[in-house]
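What follows is each chain in one-letter form.
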Amino acid sequence: DGGITQSPKYLFRKEGQNVTLSCEQNLNHDAMYWYRQDPGQGLRLIYYSQIVNDFQKGDIAEGYSVSREKKESFPLTVTSAQKNPTAFYLCASSAGLGDTIYFGEGSWLTVV
Amino acid sequence: KQEVTQIPAALSVPEGENLVLNCSFTDSAIYNLQWFRQDPGKGLTSLLLIQSSQREQTSGRLNASLDKSSGRSTLYIAASQPGDSATYLCAVNSGYALNFGKGTSLLVTP
């Protein structure tokens, strides 16, 4: 199937631990994105990448890190520096920056 | 910074009604505007994308319009069905990524 795959669907993290969320796409898209969604809030941009080996900070990048070593993969690491990491994380991709953006099914992260 | 507002925040209608969801944005310098649907606990499904040079787009019972100069877009849903119940999100692309509104939560009752 073509699309965007996020894993894991649910993840629990202890305070002080780093966790990595996986995002893989087989759409041959150049651009990829990470968004965070909190209850009652709109989606907020964490990081985005236009091409391999390049990425830019979004509106709420503090406490997060990414890499883009392969076109199809854009993992997000939530570090212990992120003060309120419990949220729903959504990965997305598009052919280019002005094209239709498609989303994965999301990953729920809970800090315990 | 681009601000996107959606009105109403929630809407409940009986099955069969036509309805309009509203989206406004503060900066008219946009590349495009995209409407999404989100079911509870799920990712976003793209419904319609309107390029900045277009005035409207249609897909089945959905019609989206764009008035860039006034910073407004509407999503029209004809003959609503219970399966249309979801949150509808408007997002504006101002050059590098999407800026989202908080959504309209729609409930269509049988």
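These numbers come from a predicted model, not from an experiment.

For the overall build of chain B, give the residues involved together with the corresponding values.
Regarding its fold elements, chain B presents zero helices and 11 strands. For chain B, the N- to C-terminal ordering of α and β elements is β-β-β-β-β-β-β-β-β-β-β. When the backbone C-alpha atoms are referred to their principal axes, chain B occupies close to 40 × 25 × 20 Å. Burial analysis of chain B (110 residues in total) assigns 44% to the buried set.

If you had to explain the overall build of chain A to someone new, which residues and values would you point to?
Counting its regular elements, chain A contains zero helices and 11 strands. Its helices and strands in sequence order give chain A the pattern β-β-β-β-β-β-β-β-β-β-β, from N to C terminus. In terms of C-alpha radius of gyration, chain A reaches 13 Å, essentially the compact-globule figure of 13 Å for 112 residues. Principal-axis analysis of the C-alpha atoms places the extent of chain A at approximately 35 × 25 × 25 Å. Taken over 112 residues, chain A has a buried fraction of 49%. In chain A, once contacts between residues fewer than 6 apart in sequence are set aside, the share between residues at least 24 apart is 53%. Carbon and sulfur atoms make up 46% of the accessible area of chain A, which totals about 5400 Å². Computed over 10 positive and 12 negative side-chain charges, the inter-centroid distance for chain A is 7 Å.

Which residues make up the sheet that holds strand 1 (residues 4-7) of chain A, and what are the values?
Residues and elements named next belong to chain A. Strand order in the open sheet formed by four strands is 1-3-8-7, with antiparallel pairing between adjacent strands. Strand pairing shows two members of the sheet lacking a second neighbour, strand 1 and strand 7 (64-66), which therefore form its edges. Direction aside, the axes of adjacent strands within the sheet are offset by 20° on average. Pairing analysis gives three bridges linking strand 3 (residues 19-25) to strand 8 (residues 76-78), with the strands arranged antiparallel. Across the sheet, the residue bridging to valine 19 is valine 78, located in strand 8.

About the cut-offs
- Residues numbered from 1 in each chain as written.
- Chains lettered and ligands numbered in written order.
- Predicted model: local features only at pLDDT ≥ 70, side-chain atom pairs only at ≥ 80, totals over all residues.
- Heavy atoms only, no water.
- Helix = DSSP H or I, 4+ residues; strand = E, 2+ residues; numbered from the N terminus.
- Buried < 20%, exposed > 50% of the residue type's maximum accessible area, 1.4 Å probe, protein only.
- Rg over C-alpha atoms; globule rule 2.2 N^0.38 Å.
- Contact = heavy atoms within 4.5 Å.
- Areas by Shrake-Rupley, 256 points an atom, 1.4 Å probe, with all protein chains shown as cover.
- Lys, Arg positive; Asp, Glu negative; His and termini not counted.
- Charge placed at Lys NZ, Arg CZ, Asp CG, Glu CD.
- Pairing = 2+ DSSP bridges.
- Axes fitted to C-alpha atoms, helices over the stretch in contact; angles between N-to-C directions.

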